[in-house]
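This is what each chain is made of:
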Amino acid sequence: MIRGLVQGVGFRPFIYRLACRHGLSGVVENRTDGVSVIIKGDIKTVDRFSNDILEKAPPASRIKSIEVNPRMIEEFDSFRIVRSSNSEEITTEVSPDIAVCDDCLEDLENDTERINYPLVNCTNCGPRFSIIRAIPYDRFNTSMAVFPMCERCESEYRDISNRRFHAQPVACNSCGPQYFYSDCETRISGIEKIIAKAASLISAGKSVALKGTGGYHLMCDAFNNEAVSELRKRKQRDSKPFAVMFRDTSSLRQYCHAGKAEQEQLLSWQRPIVILRQKRPLAEEVSRGLNTTGAMLPYMPFHYMMFRYLKTSAVVLTSGNLSDDPVITADDSAEKYLLPVADGLIGYDREIVNRSDDSVMRLIDNKMVLIRRSRGFVPGPVETGLWVDGIFATGAEQKNTFCIGKGNQAIMSQHIGDLKNFATHAFYSESAERFGELFRFTPRYMACDLHPLYLSTLFAEQMAEERNIPLIKVQHHHAHIASCMAENKIDEKVIGISLDGTGYGRDGNIWGGEFFVADLHGFERFAHFDYVPLPGGDRAVAEPWRTACSYLRKYFGDSIDYYSIPLFRKIDDRDLILVLEMLEEKINSPLSSGAGRLFDAVAALAGLCTVASFDSEPPIRLESAVKKGVNLKYPFSAGEVISFADMFDEILRDIKKDQTDMIPVKFHNTISNLILELSEKMQKETGIKKVVMSGGVFQNRYLLERTLMLLRKAGFEVFTHHIIPSNDGGISVGQIAVASKTIGLCV
Ligand code: ZN
Ligand code: FE
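Residues numbered from 1 in each chain as written. Chains lettered and ligands numbered in written order. Predicted model: local features only at pLDDT ≥ 70, side-chain atom pairs only at ≥ 80, totals over all residues. Heavy atoms only, no water.

1. Focus: the overall build of the chain
Applicable threshold: Secondary structure elements follow DSSP: runs of H or I of four or more residues count as helices, runs of E of two or more count as strands, with numbering from the N terminus. The size measure is the radius of gyration over C-alpha atoms, and the globule rule it meets is 2.2 Å times the number of residues to the 0.38 power. Residue burial is assigned from relative accessible area. The probe radius is 1.4 Å, only protein chains are included, and a residue is buried under 20% of its type maximum, exposed over 50%, and partly exposed in between. Computed with the Shrake-Rupley method and a 1.4 Å probe, the accessible areas treat only the protein chains shown as cover for residues. Here Asp and Glu are counted as negative and Lys and Arg as positive; His is not counted, and neither are the chain ends. Every charge is mapped onto a representative atom, which is NZ of Lys, CZ of Arg, CG of Asp or CD of Glu.
Secondary structure summary: the chain contains 24 helices and 32 strands in total. Relative to the globule expectation of 27 Å for 747 residues, the C-alpha radius of gyration of the chain, 27 Å, shows essentially globular dimensions. Judged by the C-alpha coordinates and their principal axes, the chain covers about 90 × 65 × 50 Å. Taking all 747 residues of the chain together, 62% fall into the buried category. Of the accessible surface of the chain, which amounts to about 29400 Å², a share of 48% is contributed by carbon and sulfur atoms. The chain carries 89 positive and 96 negative side-chain charges, and their two centres are separated by 3 Å.

Set out below in structure tokens:
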């Protein structure tokens with residue numbers, strides 16, 4: 001029995017080939033708990049066979065254990081792959097997309113039919129999730145169905161000893177999909193000409209829309225500031241830091257600090273974007289003053305081929321979409337919407353069936369942590385240790401993912417985005433339907449957020465009513481904690497600390513600075529950040545100065561001379577007066593205990609972000625401005641309501657003393673200490689020593705590492721996220737875990 005990540009990654013054909021090579025007979029079969037192999041042969045050969053399994057396993061697989069049991073078996077005269085009748089097998093049949101492998105890169109130069117064939121792939125690499133329409137995973141159910149195989153490809157596809165045995169997207173120059181280039185005037189075919197054209201555009205400071213695995217990207221020279229800033233302008237309202245693809249590891253390391261774990265992850269078959277500390281700057285407009293860069297390495301044959309021609313060693317590779325819409329996948333929409341943005345467009349005529357963005361990771365506490373879970377990871381299942389079969393959890397509203405339960409596995413959707421956006425909402429419904437088909441899933445229970453107006457809530461309510469099935473509503477921060485518990489397979493009472501921007505609270509206020517005593521059934525709110533009114537609601541989230549104003553007014557009333565503070569000298573008088581009036585009259589000023597808002601207010605006062613130009617800009621800038629090696633912190637008072645009056649008082653003093661640059665580090669240290677102090681208090685009252693931390697705030701590396709250090713030193717056992725995002729992208733998993741307990745499903 002072989003356990004680990006061994007299904008849906010070409011493992012059975014691999015075992016088959018290996019057995020044939022060793023002259024062994026027997027069977028291989030997918031089981032719910034792994035891949036079972038029964039072979040007949042002498043001990044020596046069987047030993048060599050098992051060693052080879054470990055050494056030569058497909059790149060996308062990860063073997064946890066091989067258990068060998070000798071037994072008397074019936075006669076086998078050949079080796080066979082048995083299709084198991086167990087329906088659970090279905091859950092793991094769809095593999096994530098896999099970056100091109102080394103063998104295929106060599107084929108680009110040596111395989112006569114695949115010289116410079118930019119869509120070369122084999123059993124060990126290539127598109128999977130992005131091309132599948134239905135199960136079983138067979139060519140006719142993928143977007144390769146319209147490309148009949150040529151004789152040579154077909155013979156490789158049928159030849160068990162070949163690297164392309166049953167590789168569904170197998171193709172070559174004569175039978176496979178082809179790349180094309182187009183702009184307003186010309187259309188070019190022929191890969192060399194296309195790449196030469198791309199290279200000349202990039203060198204000339206122009207931008208190109210390029211079709212990737214899960215959607216289009218927009219690309220330009222990462223060293224040409226004008227090109228990057230022009231791309232930003234044309235992309236409309238997009239001021240997020242751009243991701244960058246480097247030619248190779250050595251050019252990446254000239255510009256970014258990448259340790260061993262980070263390099264391994266960059267080169268892994270998932271090829272995610274990894275957030276790295278900058279060594280030397282790229283074009284200023286790439287990261288906009290942050291000290292980090294989202295870096296990645298080539299993962300499609302085209303990327304490698306392109307860098308052969310490019311003069312630059314790094315290109316901006318940002319998602320091909322307009323403002324907050326989902327990334328564009330269809331060639332006709334790309335021509336319609338991206339050609340006006342880019343100076344040229346490069347695509348290929350194989351349809352992207354399932355959209356996915358690049359996944360994003362970051363090293364925190366010496367481990368890689370997922371921030372956005374998409375290409376390369378989806379639809380890989382998450383083991384929860386709970387029976388979640390039949391539950392559909394609809395997720396949160398922002399950074400949405402949904403999640404379906406098969407057996408004890410949670411299968412999360414790709415990163416979908418902000419459901420308030422109309423096109424994103426359509427992407428959501430489409431994906432929900434696709435997952436139903438791909439995993440033969442019919443919901444028997446629905447789970448959703450407590451927020452009455454989230455579109456994911458409305459979706460769940462509608463489904464529950466249509467199908468007449470139970471609906472379980474899960475409080476947002478409870479779901480955060482539960483997602484972290486499910487990931488770490490904890491099922492007991494814990495100290496749950498959930499810090500994020502926003503989530504609907506039981507009392508109807510906005511929560512987000514929450515200290516719970518919780519298990520998967522429910523929670524008690526032990527303490528929370530002080531409520532502060534948000535003048536203008538969402539407007540306050542977009543304009544951190546408003547929240548800063550609100551905190552100061554709350555703690556110091558009319559005694560504040562706003563114009564003595566540099567932040568408010570930048571604000572129009574009328575706006576400031578309006579905001580103060582709103583606060584006075586309690587007009588459109590919902591109460592929030594969101595930690596994100598506290599970060600906003602401090603970032604604004606520290607002069608780092610008056611108005612946010614992208615999601616989470618204030619906390620990201622605040623973290624970026626932390627001075628390392630400083631242990632100073634601010635006072636606070638941690639009762640049932642945690643007050644920051646003393647902290648703001650000292651922040652104002654720091655501003656007066658012209659020590660504004662100390663605010664970011666002192667503030668971060670304060671939050672770490674506050675978490676420690678409250679954990680100790682909760683432990684004293686409850687005896688619980690396990691701390692679970694979740695919520696978007698914990699993507700902050702400095703904060704999380706410092707907090708972990710303090711808590712561990714004090715003897716706590718601390719659990720955080722690694723494979724599920726700690727932001728709202730992980731909410732669906734928390735919902736599914738809580739729902740499982742609420743319904744009383746047993747393993
Ligand atoms: Zn390959
Ligand atoms: Fe959240």
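Having seen it, we continue.
2. A look at the environment of Gly629
Secondary-structure assignment places Gly629 in the loop between helix H20 (617-624) and strand E29 (637-638). Gly629 gets classed as exposed once you look at its relative accessible area, which sits at 79%.

3. Overview of the coordination of the iron ion (ligand 2)
Selection rule: Listed donors are limited to N, O and S atoms within 2.8 Å of the metal, widened to 3.2 Å for Na, K and Ca; water is not among them, so incomplete-looking sites are possible. All geometry calls rest on donor angles, where a four-donor set with angles between 85 and 135 degrees is tetrahedral, four- and six-donor sets with opposite donors more than 155 degrees apart and all others between 65 and 115 are square planar and octahedral, and all else is irregular.
For the iron ion (ligand 2), the full set of protein donor atoms is His476 (NE2), His480 (NE2), Asp500 (OD) and Asp728 (OD), and the range of their distances to it is 2.0 to 2.2 Å. Of note is the iron ion (ligand 2), whose 4 donor atoms meet at the metal with angles of 91 to 167° in an arrangement that counts as irregular. For the iron ion (ligand 2), the single-chain donor residues occur in sequence as H-x3-H-x19-D-x227-D. With His476 in helix H14 (residues 476-487) and Asp500 in strand E24 (residues 494-504), this residue pair connects regions lying 24 residues apart in the sequence. The exposure class of Asp500 is buried, given its relative accessible area of 3%.

4. Describing the pairing of strand E9 (residues 216-221)
Selection rule: Here, strands pair whenever DSSP counts at least two bridges between them.
The element E9 is extensively covered by neighbouring structure, given that 6 of its 6 residues are classed as buried. Bridge count between strand E8 (residues 208-211) and E9: 4 bridges; the pairing is antiparallel. Paired with Leu210 across the strands is His217, a residue of E9. One ladder, built from 5 bridges, connects E9 with strand E14 (residues 314-319); its direction is antiparallel. Within the sheet, the bridge partner assigned to Leu218 lies in E14 and is Thr318.

5. Let's talk about helix H2 (residues 43-56)
Note the following rule: Residue count minus one, scaled by 1.5 Å, sets the expected span of a helix. Should any heavy atoms of two residues lie within 4.5 Å, those residues are counted as being in contact.
Here H2 contains 14 residues, and its C-alpha end-to-end distance of 20 Å stays within 8% of the 20 Å for a straight helix at 1.5 Å per residue. Summarising the contacts, the buried residues of H2 are in contact with strand E1 (2-5), helix H1 (11-21), strand E3 (34-40) and strand E4 (62-66).

6. Examining the nonpolar core
Counted only if it meets this: Here, the term nonpolar core denotes a set of buried Ala, Val, Leu, Ile, Met, Phe, Trp, Tyr and Cys residues that are joined through side-chain atoms within 4.5 Å.
In terms of nonpolar packing, the biggest core is built from 95 residues, with Ile15 and Phe392 touching the most fellow members. Per element, the largest residue contribution to this core is 7 residues, and it comes from helix H5 (residues 191-203). Once residues within four sequence positions are removed from consideration, Phe392 is found in contact with Phe402, Cys403, Ile404, Tyr428, Ala432, Phe441, Pro443, Tyr445, Met446, Ala447, Phe459 and Met463. The next biggest cluster of nonpolar side chains, apart from the first, holds 70 residues, and it includes Cys549, Tyr551, Ile655 and Ile688.

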